[in-house]
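Descriptive structure summary
The lines below spell out each chain.
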Amino acid sequence: MARNYRQEYDRYHKQPEQRKRNASRKRARRLMIKEKGAAALQGRDVDHVDRNANNNALSNLRIASKKRNRSRNS
């Protein structure tokens, strides 16, 4: 069965809570680019140490490889 992206957006990504989380993750990435430079983040993720996407304190952010960041348990 083919994936229905429209339905996926309407049911999940469109929700106010998810939009806020996504904006917070983007804000964290922009902050790290400002602090460390774009080259430092090339091919990497910004990791929230406490796993809270809304906590964008510099002490809670670190640069991690995609594999390490995305394999961590929630």
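Here the structure is a predicted model, which means the values were calculated and not measured.

Moving on, we get to the side chain of Asn60. As for its placement among the helices and strands, Asn60 is situated in the loop between strand E1 (44–48) and strand E2 (61–65). Here Asn60 falls in the buried class, since its relative accessible area comes to 6%. What Asn60 contacts, discounting residues up to four positions off in sequence, is Asp47, His48, Val49, Asp50, Asn52 and Asn55.

Once that is clear, we can look at the pattern of salt bridges. A complete count under the given rule lists 7 salt bridges for this structure. Between Asp10 and Arg6 there is a salt bridge whose closest N-O contact spans 2.8 Å. Here Arg6 and Asp10 lie together in helix H1 (residues 5–13), a separation of 4 residues that amounts to about one turn. In this structure, Asp47 engages Arg51 in a salt bridge whose closest nitrogen and oxygen atoms are separated by 3.4 Å. For Arg51, a relative accessible area of 35% corresponds to the partly exposed category. Each of the salt bridges in this network shares a partner with another, and the network as a whole consists of Asp47, Arg51, Arg62 and Arg72.

On to the pairing of E1. With respect to burial, E1 is a largely interior element, 4 of its 5 residues being buried. Direction of pairing for E1 relative to E2: antiparallel, over a ladder of 5 bridges. Across the sheet, Arg44 pairs through a bridge with Ser65, a residue of E2.

Conventions we followed
Residues numbered from 1 in each chain as written. Predicted model: local features only at pLDDT ≥ 70, side-chain atom pairs only at ≥ 80, totals over all residues. Heavy atoms only, no water. Helix = DSSP H or I, 4+ residues; strand = E, 2+ residues; numbered from the N terminus. Buried < 20%, exposed > 50% of the residue type's maximum accessible area, 1.4 Å probe, protein only. Contact = heavy atoms within 4.5 Å. Salt bridge = Lys/Arg side-chain N within 4 Å of Asp/Glu carboxyl O. Pairing = 2+ DSSP bridges.

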